[in-house]
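# Structural characterization, general
Each chain, letter by letter, is given below.
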Amino acid sequence: MILPIYVYGSEVLRETAADVDVAGLDKEQLRKYIDDMFETMYHADGVGLAAPQVGDGRRILVVDGRDVTDVYPELKDFKRAMVNPVVVEESEETAEYSEGCLSVPDIHCNVVRPKKMTVRYLDADLKEVEETLDGFACRMVQHEMDHLDGHLFVDRVAPIRRKMIAAKLHNIAKGKARTAYKTKLER
Ligand code: NI
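In this text, all values refer to a predicted model and were calculated from it rather than measured experimentally.

The five strands are arranged S2-S3-S4-S7-S8 in an open sheet whose pairing can be described as antiparallel. What marks the edges here is a single partner per strand, and that holds for strand S2 (48–50) and strand S8 (128–134). Averaged over neighbouring strand pairs, the angle between their axes works out to 40 degrees when direction is ignored. Bridging between strand S4 (residues 79–90) and strand S7 (residues 116–122) involves five bridges; their strand directions are antiparallel. When the sheet's bridge partners are listed, Val86 is paired in S7 with Arg120. The strands that helix H1 (residues 27–43) touches are S2, strand S3 (60–64) and S4; relative to S3, the one it contacts most, it runs at about 50 degrees. Across the face of the sheet, helix H2 (residues 135–148) comes into contact with S2, S3, S4, S7 and S8 while running at roughly 155 degrees to S3.

And the structure:
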């Protein structure tokens, strides 16, 4: 099922998402929900999606880099669903990549973040996984984890660039964004 994507200006994108209560969780339902998140993301031509972007304040994210292997060949097997992800360790070394977001249509900006991190999470079968990510794989997950804390990539761009995109952001928050996918704006 394709879900509408909440855009910039929506309250849910600014809230801190809550841990998924795995004890009382229907595994089948979770798997189905994660499939819906992937379907929504593919439909919108994205490479990552976090639950708050579909109006759900739980700590769940999905990423799939297999579509951008022409630019990042190392992503050929990089498809993940993460429940309750936490950063175990991050590098001091940073990297700069251009980011975009389905909740912030038509805006791309360079963002500096730690180049590597080790992340611990539960996969779609609720199995605990710990892995170290580098390069663009790391970046995709960092961007999605930001969503779980109510942060958007545009919060992290240089002030001068932020000024340049202010009018565009204002338009999105006014509901004037044009997208090929279904969006929602809810304050
Ligand atoms: Ni995003």
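We are not done yet, so read on.
A separate point is the coordination of the nickel ion. Within the protein, the atoms that donate to the nickel ion are Cys101 (SG), His143 (NE2) and His147 (NE2), at distances of 2.1 to 2.2 Å. Positions of the donor residues of the nickel ion, expressed as sequence spacing, correspond to C-x41-H-x3-H. With Cys101 in strand S5 (residues 94–101) and His143 in helix H2, this pair connects stretches of sequence that are 42 residues apart.

Assignment of secondary structure puts Ser103 in the loop between S5 and strand S6 (104–114). Looking at Ser103, its side chain comes within polar contact range of the main-chain oxygen of Tyr6, at 2.7 Å. If we skip the residues at most four places from it in the chain, Ser103 touches Ile5, Tyr6, Val7, Tyr8, Leu13, Gln53 and Ile172.

Procedures and definitions
- Residues numbered from 1 in each chain as written.
- Predicted model: local features only at pLDDT ≥ 70, side-chain atom pairs only at ≥ 80, totals over all residues.
- Heavy atoms only, no water.
- Pairing = 2+ DSSP bridges.
- Helix = DSSP H or I, 4+ residues; strand = E, 2+ residues; numbered from the N terminus.
- Axes fitted to C-alpha atoms, helices over the stretch in contact; angles between N-to-C directions.
- Contact = heavy atoms within 4.5 Å.
- Donors = N, O, S within 2.8 Å, 3.2 Å for Na, K, Ca; no water.
- Polar contact = N/O pair within 3.5 Å; in protein donor to acceptor, adjacent residues only side chain to side chain.

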